[in-house]
Number of protein chains: 2
Amino acid sequence: MTDLGQEIGLRHRKRAAAMARIQDVALDLFDEHGYERVTVEQIADASDVSPSSVYRYFGSKEQIVLLGEFEFDTSAARLEDDADGSPLDVTRRMLRAVMDHLVGDEERTRRQMRHVMSDPALEAALARQVYAASETLGEVFAERLSRSANDLEVQVLAHVVVGALLGGLHHWQGTAFAEPLRDVLDRCLDLLERGLQIDGAVSRAASP
Amino acid sequence: MTDLGQEIGLRHRKRAAAMARIQDVALDLFDEHGYERVTVEQIADASDVSPSSVYRYFGSKEQIVLLGEFEFDTSAARLEDDADGSPLDVTRRMLRAVMDHLVGDEERTRRQMRHVMSDPALEAALARQVYAASETLGEVFAERLSRSANDLEVQVLAHVVVGALLGGLHHWQGTAFAEPLRDVLDRCLDLLERGLQIDGAVSRAASP
DNA sequence: CGCTCAAGTGACAGTCGCTGTCAAAAGCGA
DNA sequence: TCGCTTTTGACAGCGACTGTCACTTGAGCG
């Protein structure tokens, strides 16, 4: 009965609990039968809520898996915008915030990724989500560099950064999630900082 | 009656004609009412085919807009694999092939992009398609560089290249498609070749 | 406490994208 | 012209998703 220190209102607590329960139940069902062979109605039944509520909470079946995942939080960049740095530094900081959100149970992230990578609908949803992150990142970069958000270089930079991270995600999945995700993504940004000079990969004209 | 030199069989010709007609009719309807407010049944009726045929031809409603668009054709790279070059050179070559396919009527591409950028479902489909292109590109790069297709640097490079192009696409849309798409994408690859050294954008440690 | 109001929930009906099946139609070769 | 194969359209059905509406249930207040 004493305030446990974080939540306000029984309503919000029940809602949060229900969402967590639905996600758990859904992931279990997906693990067992595969994403597309499980209906929202089954998830709802097994979670003791109505299908209506599932859609109210998550909006779509895909978001049961992807909700909140891989979204850049601009506040992480804006809050510290006194501490300046290059866009890549900013990215690292934002990424760290995202990772802290994820790193709690990387096992869950692995389960999610397994389904995402094997189902077209989920893959599309993730791609779109990541794509949206590029826009967010672009706006942050534009502000930092005092350029238009639609500047070609800003857009390319933002999409390149996100692309690099996506490449890392892909690699991570290809190695059966062996290495901690955080390390993989860090190395991706390192590669970008070095300008992708992968022995003649980008330009052969570098050395005569 | 004389052979007009390209098509074989009445069947294939009718099929191709029907697909082209469906796409035209669909784009018109989309322009007028918006993508999601037009049903496949309406498109089918207006095109004098059955809904079944629309799905047989295009597989999904999204593909009526996106079919064949933005797909890298690996054959373009493999065919000329005697002529070697850096991965970026290969990309340019593949991109040129893609562009030649598109440049026929860039006006149509603009119409498509307008819808793609404003509808979530289409945006997701495009994102997924582009994402798939990264995998294709990764395989080509891996072969060129004699590395594993799952190599982190290969994956990052492939996704970065595609990301750069996506950034260009985004910029193109943001400028109301002013410049020819070909030029925009060329400049994206130029930026990559220069290593994204956008006045301290990537790394501030470059100059002390 | 208990009352009132607003917010949240579940049941229902309906739309639409998409899939599978099957008989009819149409191209193709002889 | 006559079979054979492929393609087509009609139909039935599934499941994701939306909107509506009565009902329940926390929240605020006397």
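Residues numbered from 1 in each chain as written. Chains lettered and ligands numbered in written order. Predicted model: local features only at pLDDT ≥ 70, side-chain atom pairs only at ≥ 80, totals over all residues. Heavy atoms only, no water.

## Some words on the protein's contact with DNA strand D
Moving on, step 1. Neighbouring residues of DNA strand D: 18 residues in total, closest A:Leu10, A:Lys61, B:Ser53, B:Arg56 and B:Tyr57.
Moving on, step 2. Within 4 Å of the protein, the atoms of DNA strand D are drawn from sugar and phosphate moieties in a proportion of 68%.
Moving on, step 3. At 2.7 Å from a phosphate oxygen of DNA strand D is found a main-chain nitrogen or oxygen belonging to A:Lys61.
Moving on, step 4. B:Ser53 places a polar side-chain atom, nitrogen or oxygen, 2.3 Å from a phosphate oxygen of DNA strand D.
Moving on, step 5. Elements supplying a minimum of two residues to the surface near DNA strand D: helix H1 (10-33) of chain A together with helix H3 (51-58) of chain B.
Moving on, step 6. Counting residues per element, the surface near DNA strand D draws most heavily on H3(B), at four residues.
Moving on, step 7. Partitioning the surface near DNA strand D into residue classes produces six nonpolar, seven polar and five charged. (Near = heavy atom within 4 Å. Polar contact = N/O pair within 3.5 Å; in protein donor to acceptor, adjacent residues only side chain to side chain. Helix = DSSP H or I, 4+ residues; strand = E, 2+ residues; numbered from the N terminus. Nonpolar A, V, L, I, M, F, W, Y, C, P; charged D, E, K, R; others polar.)

## Examining the protein's contact with DNA strand C
Moving on, step 1. Of all residues adjacent to DNA strand C, which total 18 residues, the nearest are A:Ser53, A:Arg56, A:Tyr57, B:Tyr55 and B:Lys61.
Moving on, step 2. Counted by atom, the contact set of DNA strand C within 4 Å of the protein is 64% sugar and phosphate.
Moving on, step 3. In this structure, A:Arg11 approaches DNA strand C through a side-chain N or O atom, which is 3.1 Å from a base nitrogen.
Moving on, step 4. Mapped onto the surface near DNA strand C, the elements with two or more residues apiece are helix H3 (51-58) of chain A together with helix H1 (10-33) of chain B.
Moving on, step 5. In terms of residue count, H3(A) provides more of the surface near DNA strand C than any other element does, four residues in total.
Moving on, step 6. Tallied by class, the residues present in the surface near DNA strand C amount to six nonpolar, seven polar and five charged.

## Observations regarding the packing of aromatic side chains
Moving on, step 1. All chains considered together, the criterion is met by four aromatic pairs over all chains.
Moving on, step 2. Ring centres of B:Trp172 and B:Phe177 lie 4.7 Å apart, and the angle between their planes is 75°; this geometry places the pair in the edge-to-face category. Accessibility classification places B:Trp172 together with B:Phe177 in one group, the buried group.
Moving on, step 3. Directly above the ring of A:Tyr35 sits A:Lys61, whose terminal nitrogen or CZ lies 4.4 Å from the centroid. (Phe/Tyr/Trp six-rings, centres within 6.5 Å; stacked < 30°, edge-to-face > 60°. Buried < 20%, exposed > 50% of the residue type's maximum accessible area, 1.4 Å probe, protein only. Lys NZ or Arg CZ within 6 Å of the ring centre and 35° of its normal.)

## Things to note about the interface of chain A and chain B
Moving on, step 1. Contacts between chain A and chain B engage 48 residues on the former and 48 residues on the latter.
Moving on, step 2. For the pair chain A and chain B, the summed buried area comes to about 4300 Å², and 66% of that belongs to carbon and sulfur atoms.
Moving on, step 3. At the boundary of chain A and chain B, one finds two salt bridges.
Moving on, step 4. Between A:Arg128 and B:Glu123 there is a salt bridge, with the nearest N and O atoms lying 3.1 Å from each other.
Moving on, step 5. Contributions of two or more residues to the side of chain A that touches chain B are made by helix H6 (87-103), helix H8 (120-145), helix H9 (152-174) and helix H10 (181-193) of chain A.
Moving on, step 6. Looking at which element gives the most residues to the side of chain A that touches chain B, the answer is H9(A), with 15 residues.
Moving on, step 7. The residue inventory of the side of chain A that touches chain B, partitioned by class, reads 22 nonpolar, 15 polar and eleven charged. (Contact = heavy atoms within 4.5 Å. Buried area = accessible area lost by both parts, 1.4 Å probe. Salt bridge = Lys/Arg side-chain N within 4 Å of Asp/Glu carboxyl O.)

## Examining the relation of the copies chain A and chain B
Moving on, step 1. Once chain A has been moved 0.0 Å along the axis and rotated by 180°, it coincides with chain B to within an RMSD of 0.1 Å. One copy is carried onto the other by what is essentially a two-fold rotation axis.
Moving on, step 2. Looking at the interface residues of chain A, 100% of them are also at the interface in chain B, so both copies use one shared face. (Least-squares fit on C-alpha atoms with pLDDT ≥ 70 in both.)

## Some words on the side chain of B:Ser134
Moving on, step 1. Topologically, B:Ser134 is positioned in helix H8 (residues 120-145).
Moving on, step 2. By relative accessible area, B:Ser134 is classed as buried at 2%.

## With respect to the UniProt feature "DNA-binding region" (unreviewed entry) in chain A
Moving on, step 1. Within the UniProt annotation, "DNA-binding region" (unreviewed entry) is assigned to residues 39-58 of chain A.
Moving on, step 2. Strand forms 0% of residues 39-58 of chain A and helix 80%; the C-alpha atoms that close the span are 14 Å apart. (UniProt positions renumbered as here; feature names shortened; annotations may be inferred.)

## Looking at the pattern of salt bridges
Moving on, step 1. A full pass over the atoms with the stated rule returns 28 salt bridges over all chains.
Moving on, step 2. We note a salt bridge from A:Glu179 to A:Arg187, for which the minimum N-O separation is 2.7 Å.
Moving on, step 3. With a relative accessible area of 26%, A:Glu179 lands in the partly exposed category.
Moving on, step 4. One salt bridge connects B:Glu106 with B:Arg110, and the closest N-O pair in it is separated by 3.8 Å. With B:Glu106 and B:Arg110 both in helix H7 (residues 106-118) and four residues apart, this pair spans about one turn of that helix. For the pair B:Glu106 and B:Arg110, one class covers both residues: buried.
Moving on, step 5. Each of the salt bridges in this network shares a partner with another, and the network as a whole consists of A:Arg92, A:Arg96, A:Asp186, A:Asp190 and A:Glu193.

## Details of the environment of B:Val54
Moving on, step 1. Mapped onto the elements, B:Val54 comes out in helix H3.
Moving on, step 2. Along the sequence, B:Val54 and B:Ala44 sit ten residues apart, while their C-alpha atoms lie 6.6 Å from each other.

## Focus: H1(A)
Residue and element names in this part refer to chain A.
Moving on, step 1. Its 24 residues place the ends of H1 34 Å apart at the C-alpha level, agreeing with the 34 Å of an ideal helix rising 1.5 Å per residue.
Moving on, step 2. All buried positions along H1 are accounted for by Ala18, Met19, Ile22, Gln23, Val25, Ala26, Leu27, Leu29 and Phe30.
Moving on, step 3. The secondary structure elements touched by the buried residues of H1 are helix H2 (40-47), H3, helix H4 (61-66) and helix H7 (106-118).
Moving on, step 4. Backbone geometry just after H1 places glycine 34 at a positive phi near 95°. (Expected span 1.5 Å × (residues − 1).)

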